[in-house]
Amino acid sequence: MSDRVTVTEAEAARRTIRRTDFVSCNQAFIDCRTPGSDRKENYAMIGPGVTQNADQVVNLREPHGYNIGAAAMPSGITNNLHLHFTAEVFYCFRGDFLLRWGADGKDGELVLREGDIASMPTWIFRGFTNIGPDDGWLFTTLGHDDTGGIIWGPSVLREAEGHGLFLTAENQLIDTVAGDEPPEDVELVRPMTDEQIAGLRTYTAEQMRRRVATTADLEYSPAPFLDSTLPGGGAQLALVIGYGMTEDMHQEPRVFNPHGHNVAWLRAEPGQGMLPHRHAETQVLLVKDGEWEVTLNLHDEVTVRLGPWDMLSVPRGAWRALRNSGDDTATMLVINGGDGRVRLEWDAEVVKAAADAGVATDHNGYVAPYALVPRTIGR
C-alpha cells in the first residue's frame, strides 16, 4: 500500500459530517403527500441514495461503494411499501419502529428499538412506522453507488397520482401541483402487475429475525485486533454484516450475504481504542454514544473529534487511530466497503509492541501466538 496518503486538515473537515450538518428533505419521495407519510424527513449524508428529488442535499457525494442516509419520523408516521435492488440496512438510533414486509405488508412484522440493526433482503416490499411516543430516527445504508432506485407498491403509486405526483422511469419525481409537466417522451412508472408481484421473494418472520441484530444479539470479541492487549488499544468489536476487519479467527457475523459493505459495532472504555492502522477500503465511522478522537496520518497528524451521531469518512489507505476521549463507554458503527474481509496494516511500532507481548498476525490475517508464526511473514 502506498505511503503517500496524507490527509490535510481541510480534507478531514470536508469528510466530517456533523449531526448539525444534516439537511432534511420532506419531498424526497412520491409518497410525500400521502396522509400519514407527509411528515417524514429524509436525509442523504453520503451519496444520493434513492432520493427522487433533484434538490435533495447530499453532504458528501464521493462514491464509497455504498450510500448512507436517514429517515426521521414523528410518532405515527409511516414509510410506505417499496422494494430495493441492492441491500438496505436500518440502524435504529432513536425510537421504536414497526417493520413490515410483503406485497401488502402482511407477510410479517417485527419491532426495531434503539441500537437494533435490520438488513432487508432485496426484491421484497418493506415499510415501517414509528410506533414510539416520540420522534424516531433510522440511519440507513444502501449497497453500491448506483442503487437502481426503488419500486413502490401499487397502492402507493395510485394514491400519489391522486395527489398530482408521478415518477419517471429515470427515478425523477414529477409534481404537477407545483407546475411540473410530465414530458411527452418520458416513460412514467406504472404499478406492478399481480403476476409480477406473485414472482417476488417471500420471507417468514423467523427468516427475517435472523437478519436482525438486536443489542441482546451482539457478541463482542474482547480481543478482535492485534493491539487488543496493548496500552491505547483494547477496543471490542461485534460483527453484524460480513467479516469486516476482525482479526479474531473465532468471530463470525450475524448476517453473511453480500451487501457491498460490511458493518460492525466498535466500543471502547475511556482511553481505549485502536492504535495506528490503515486499510485499502472506504470507511465511515458513525458515532452512536460517547466522545471519540480520530487521529489521521503517522506524521503531520490531524485530529478529528466526534460526538454522538457525527460521522467521518476516512480515505482509503490513510493511517488512522481511534480513542474514546470521554468519561464513559463509547460506541460507534464502523462501515467498510466491499464484501470480503478487510485486511488491516498496523504501524510498525504496534507490530513490535504486539510481538513483545507475545502475539502476531498469521498469514491469514488473524491474531496468533507470536512464537508459532513464521518470521518470514514480515510482521
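Please refer to the structure placed before this passage.
The present account deals with the structure reproduced in this document. (Residues numbered from 1 in each chain as written. Predicted model: local features only at pLDDT ≥ 70, side-chain atom pairs only at ≥ 80, totals over all residues. Heavy atoms only, no water.)

### As for the overall build of the protein chain
Test applied: Here a helix means four or more residues in a row that DSSP labels H or I, a strand means two or more in a row labelled E, and each is numbered from the N terminus. Between the two quantities, the radius of gyration covers C-alpha atoms and the globule rule is 2.2 Å times the number of residues to the power 0.38. Each residue gets one of three labels from its accessible area relative to the maximum for its type: buried under 20%, exposed over 50%, partly exposed in between, using a 1.4 Å probe on protein chains only. The contact criterion used is simple: two residues touch if any of their non-hydrogen atoms lie within 4.5 Å. Here the Shrake-Rupley method, with its probe set to 1.4 Å, supplies the accessible areas, and only the displayed protein chains count as covering residues. Only four residue types enter the charge count, namely Lys and Arg as positive and Asp and Glu as negative; His and the chain termini do not. Where a charge sits is defined by one atom per residue type, namely NZ (Lys), CZ (Arg), CG (Asp) or CD (Glu).
In terms of helices and strands, the protein chain carries five helices and 28 strands. Against the globule reference of 21 Å for 379 residues, the protein chain gives a C-alpha radius of gyration of 22 Å, in line with a compact fold. Dimensions along the principal axes, computed over C-alpha positions, put the protein chain at roughly 70 × 45 × 40 Å. Within the protein chain, the fraction of its 379 residues that count as buried is 55%. Of the contacts made within the protein chain by residues no fewer than 6 positions apart, 72% connect residues no fewer than 24 positions apart. Summed over its atoms, the accessible surface of the protein chain is roughly 16,500 Å², and 47% of this surface lies on carbon and sulfur atoms. In the protein chain, 33 side chains carry a positive charge and 54 a negative one; their mean positions are 4 Å apart.

### Examining the nonpolar core
The nonpolar side chains of a soluble globular protein tend to be buried with one another. Which entries qualify depends on this criterion: Here, nonpolar core refers to any group of buried Ala, Val, Leu, Ile, Met, Phe, Trp, Tyr and Cys residues whose side-chain atoms link them within 4.5 Å.
Counting residues in hydrophobic clusters, the biggest one holds 34 residues, and the most contacted among them are Phe225, Leu266, Met274, Trp292, Leu322, Met332 and Trp346. Every residue in contact with Phe225, bar those within four places of it in the chain, is listed here: Ala235, Leu237, Met245, Thr246, Glu247, Leu266, Met274, Leu344, Trp346 and Val367.

### Quick word on the sheet that holds strand β4 (residues 66–73)
Our working rule: Pairing between strands is defined by DSSP: at least two bridges between the two strands are required.
The sheet built from seven strands is open, its strands ordered β3-β2-β4-β11-β6-β9-β15 with mixed pairing. The open sheet has two free edges, formed respectively by β3 (58–60) and β15 (212–213), since each of these has just one partner strand.

### Quick notes on unusual backbone geometry
We note that His144 has phi near 75 degrees; this positive angle belongs to a residue other than glycine. Mapped onto the secondary structure, His144 falls in the loop between β11 (136–143) and β12 (150–152). By relative accessible area, which is 39% here, His144 ends up partly exposed. The phi dihedral of Trp309 is positive, around 75 degrees, even though this residue is not glycine. A residue is classified by how much of its surface remains accessible, and Trp309, at 6% relative accessible area, is buried.

### Description of the pattern of salt bridges
Condition: Think of a salt bridge as a Lys or Arg side-chain nitrogen and an Asp or Glu carboxyl oxygen that are within 4 Å of each other.
As enumerated under the stated definition, the model contains 16 salt bridges in all. Residue Glu11 is joined to Arg15 by a salt bridge in which the shortest nitrogen-to-oxygen separation is 3.2 Å. For Glu11, a relative accessible area of 24% translates into the label partly exposed. In this structure Arg15 comes out as buried when scored by relative accessible area, which is 5%. The shortest N-O distance in the salt bridge between Arg15 and Glu62 comes to 3.1 Å. Remark: Glu62 occurs in the loop between β3 and β4 and Arg15 occurs in the loop between α1 (9–14) and β1 (16–17); sequence separation between them is 47 residues.

### Quick word on the side chain of Gln283
Which entries qualify depends on this criterion: Polar contact criterion, stated in full: a pair of N or O atoms within 3.5 Å, where within protein one must be able to donate a hydrogen and the other to accept it, and residues adjacent in sequence count only if both atoms are side-chain atoms.
In this fold, Gln283 is placed in strand β20 (residues 283–289). Side chain to side chain, Gln283 and His279 meet in a polar contact 3.2 Å long. In this structure the side chain of Gln283 is engaged in a polar contact, spanning 2.8 Å, whose partner is the side chain of Arg320. With near-sequence residues (within four places) excluded, Gln283 lies in contact with Tyr66, Met245, Leu312, Ser313, Val314, Arg320, Val334, Ile335 and Asn336.

### Let's talk about the packing of aromatic side chains
To keep it simple, the criterion reads: In summary, the pairing rule links any two rings of Phe, Tyr or Trp, Trp by its six-membered ring, whose centres are within 6.5 Å, and it sorts them by plane angle into stacked for under 30 degrees, edge-to-face for over 60 and tilted for everything else. The rule for a charge over a ring is simple: NZ of Lys or CZ of Arg within 6 Å of the ring centre, and within 35 degrees of the ring normal.
The final tally for this structure, using the stated rule, is 15 aromatic pairs. Ring centres of Phe22 and Trp137 lie 5.9 Å apart, and the angle between their planes is 25 degrees; this geometry places the pair in the stacked category. Highlighted residues: Phe22 in the loop between β1 and β2 (41–46) and Trp137 in strand β11, separated in sequence by 115 residues. Plain terms: the ring middles of Phe90 and Phe128 are 5.0 Å apart, the flat faces sit at 65 degrees to each other, and that makes the pair edge-to-face. Taken together, the residues Phe90 in strand β6 (residues 88–94) and Phe128 in strand β10 (residues 126–130) connect sequence positions 38 residues apart. Given a relative accessible area of 3%, Phe128 falls into the buried group. Feature note: the residues Phe22, Tyr43, Phe93, Trp137, Phe139, Trp265 and Trp309 constitute an aromatic cluster, connected by ring pairs. Against the face of Phe93 rests Lys288, its NZ or CZ located 5.6 Å from the ring centre. The cationic tip of Arg341 hangs over the ring face of Tyr366; the distance from NZ or CZ to the ring centre is 4.0 Å.

### Looking at helix α5 (residues 348–356)
Along an α-helix, residues three or four apart share an orientation, since each turn contains 3.6 residues. Basically, it comes down to this: Each direction from the helix axis to a C-beta atom contributes to the arc, which is the arc of those directions.
Those residues of α5 that fall on the buried side of the exposure criterion are Val350, Ala354 and Ala355. Relative to the axis of α5, the buried residues are bounded by an arc of 135 degrees and lie together on one face. Across α5 from its buried face, at more than 90 degrees, point the exposed residues Ala348, Glu349, Lys352 and Asp356.

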